[in-house]
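Spelled out from the first residue to the last, the chains are:
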Amino acid sequence: EGGEPVNGVCTMEGSLFTACGRDPRKPKGDNTSVARQWSLETGQVLREYAGHTERLLACSNPAQHMLLTAGEDGTARLWDVRSGAQTRIFRGHVGAVLSACASAEHNLLFTGGQDRVVRCFELGSGQPLAIFKTGSPVLAVGLSARGDRVAAGLQDGMVRVWCSAGLSE
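Treat the numbers as computed from the prediction; the structure is a model and nothing was measured. (Residues numbered from 1 in each chain as written. Predicted model: local features only at pLDDT ≥ 70, side-chain atom pairs only at ≥ 80, totals over all residues. Heavy atoms only, no water.)

Caption draft 1: Representation of the overall build of the protein in the model. Looking only at helices and strands, the protein has 0 helices and 15 strands in total. What you see for the protein is a C-alpha radius of gyration of 15 Å, in line with the 15 Å of a compact globule of 169 residues. Judged by the C-alpha coordinates and their principal axes, the protein covers about 40 × 30 × 25 Å. Evaluated residue by residue, the protein yields a buried proportion of 46% over its 169 residues. Relative to all contacts within the protein whose residues are 6 or more apart in sequence, the contacts with residues 24 or more apart total 31%. Total accessible area on the protein is roughly 8200 Å²; 49% of this is exposed by carbon and sulfur atoms. Positive and negative side-chain charges in the protein, numbering 17 and 17 respectively, have mean positions lying 4 Å apart. (Helix = DSSP H or I, 4+ residues; strand = E, 2+ residues; numbered from the N terminus. Rg over C-alpha atoms; globule rule 2.2 N^0.38 Å. Buried < 20%, exposed > 50% of the residue type's maximum accessible area, 1.4 Å probe, protein only. Contact = heavy atoms within 4.5 Å. Areas by Shrake-Rupley, 256 points an atom, 1.4 Å probe, with all protein chains shown as cover. Lys, Arg positive; Asp, Glu negative; His and termini not counted. Charge placed at Lys NZ, Arg CZ, Asp CG, Glu CD.)

The structure is reproduced here in structure tokens:
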């Protein structure tokens, strides 16, 4: 569409594309954001996911029918892409959530924040499980395929890795 920055992209279900950024229909200075689900075949918007009160910074798809978004409003949000419904809000950061990742298979969700913290939640219940402190804002988080390690890319150029095995048991 053009205009406002796109802060995160992910593919979903092989044929859909989701981009997130500031909602261009809002007046300047209003950073309310939506995530959009696009058809790669037609280029048309299939659905919008609105709920964040400030700019979106990241998105990913932890499972076939899930969209995960994170933003400056200090939250990560989980959405059901079949219905468009928001299914859970993850809170706890002081300031922006800069990154998020999740694994439905391992029932874990991780968020990284401007507050120099990685938070771990149980994906199914939303219960907080662990907090990992860093010395720098967390720009990226990733979970290993086995679900036993979480890595955080930090603004100071460092990467920190923690054991995540057993957190959701």
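Caption draft 2: Focus on the sheet that holds strand β12 (residues 128-133). Spatial strand order, β9-β10-β11-β12: 4 strands in an open sheet with antiparallel pairing. Each edge of the sheet is formed by a strand with only one pairing partner; in this case those strands are β9 (97-103) and β12. Neighbouring strand axes in the sheet, compared pairwise and without regard to direction, differ in orientation by 15° on average. Note that β9 and strand β10 (residues 108-113) share 6 bridges and pair antiparallel. What sits directly across from A102, in β10, is L109. (Pairing = 2+ DSSP bridges. Axes fitted to C-alpha atoms, helices over the stretch in contact; angles between N-to-C directions.)

Caption draft 3: Region of the structure containing the sheet that holds strand β14 (residues 149-154). Strand order in the open sheet formed by 3 strands is β13-β14-β15, with antiparallel pairing between adjacent strands. Only two strands of the sheet have a single partner each, and these edge strands are β13 (138-143) and β15 (159-163). The mean inter-strand angle of the sheet, taken between neighbouring strand axes irrespective of direction, is 20°. Where β13 meets β14, 5 bridges bridge the pair, whose relative direction is antiparallel. Looking at β14, one finds that V141 is bridged to A152.

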